[in-house]
Amino acid sequence: MGSGSLYVGIDGHKNFSFLCAMTKEGEIIEEKKVRNEEIEKIVEELGLDNLIVIIEPTTTTYPLIRGLRKKTEIKLATKNQIDSRIEEEDGQGRCQGFS
């Protein structure tokens with residue numbers, strides 16, 4: 001893997017998470033708040049062959065990371081790496097490229 005053409009960033013929280021899928025060129029394909037138990041299904045629907053998932057490793061996201069690692073490439077990001085790529089827009093974070 002590694003040459004994925006679709007990046008999926010997941011901001012994990014206790015019950016809900018924020019998911020953003022975008023192309024290498026920065027086109028946002030999907031951006032929404034989802035229930036944690038729905039994330040694996042949504043990621044699978046995006047097509048596992050061309051995906052790279054970026055997620056911050058926390059106690060909340062470890063089960064998700066374990067499940068997704070069996071199916072697609074996972075890149076773990078620290079809070080500082082994530083913060084440096086978030087653009088503030090009307091008080092809401094918008095996803096930008098992770099590469």
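Below you will find a few notes about this structure. (Residues numbered from 1 in each chain as written. Predicted model: local features only at pLDDT ≥ 70, side-chain atom pairs only at ≥ 80, totals over all residues. Heavy atoms only, no water.)

What follows covers the side chain of T72. Residue placement: T72 occurs in the loop between α2 (62-69) and β5 (73-76). Only 3.2 Å separates the side chain of T72 from the backbone oxygen of L51, close enough to count as a polar contact. (Helix = DSSP H or I, 4+ residues; strand = E, 2+ residues; numbered from the N terminus. Polar contact = N/O pair within 3.5 Å; in protein donor to acceptor, adjacent residues only side chain to side chain.)

This next bit is on the pairing of strand β3 (residues 28-35). Pairing between strand β2 (residues 16-23) and β3: seven bridges, direction antiparallel. Of the residues in β3, the one forming a bridge with L19 is K32. Remark: four residues form the turn of the hairpin made by β2 and β3, two consecutive strands paired antiparallel; G26 in that turn has positive phi of roughly 100°. (Pairing = 2+ DSSP bridges.)

Summed over the entire model, instances satisfying the criterion amount to three salt bridges. The shortest N-O distance in the salt bridge between E30 and K32 comes to 2.9 Å. According to the relative accessible area criterion, K32 is partly exposed, its value standing at 35%. Residue E37 is joined to R35 by a salt bridge in which the shortest nitrogen-to-oxygen separation is 2.7 Å. Judged by relative accessible area, R35 falls into the partly exposed class, the value being 35%. (Salt bridge = Lys/Arg side-chain N within 4 Å of Asp/Glu carboxyl O. Buried < 20%, exposed > 50% of the residue type's maximum accessible area, 1.4 Å probe, protein only.)

Burial analysis of strand β1 (residues 6-12) places five of its seven residues in the buried class, which makes it a mostly covered element. Here seven bridges tie β1 to β2, and the two strands are oriented antiparallel to one another. Paired with G9 across the two strands is C20, which belongs to β2. Remark: three residues form the turn of the hairpin made by β1 and β2, two consecutive strands paired antiparallel. Note: β1 against strand β4 (residues 51-55), five bridges, orientation parallel. Along β4, the bridge assignment pairs V8 with V53.

Purely geometric stuff here, so don't read any function into it on its own.
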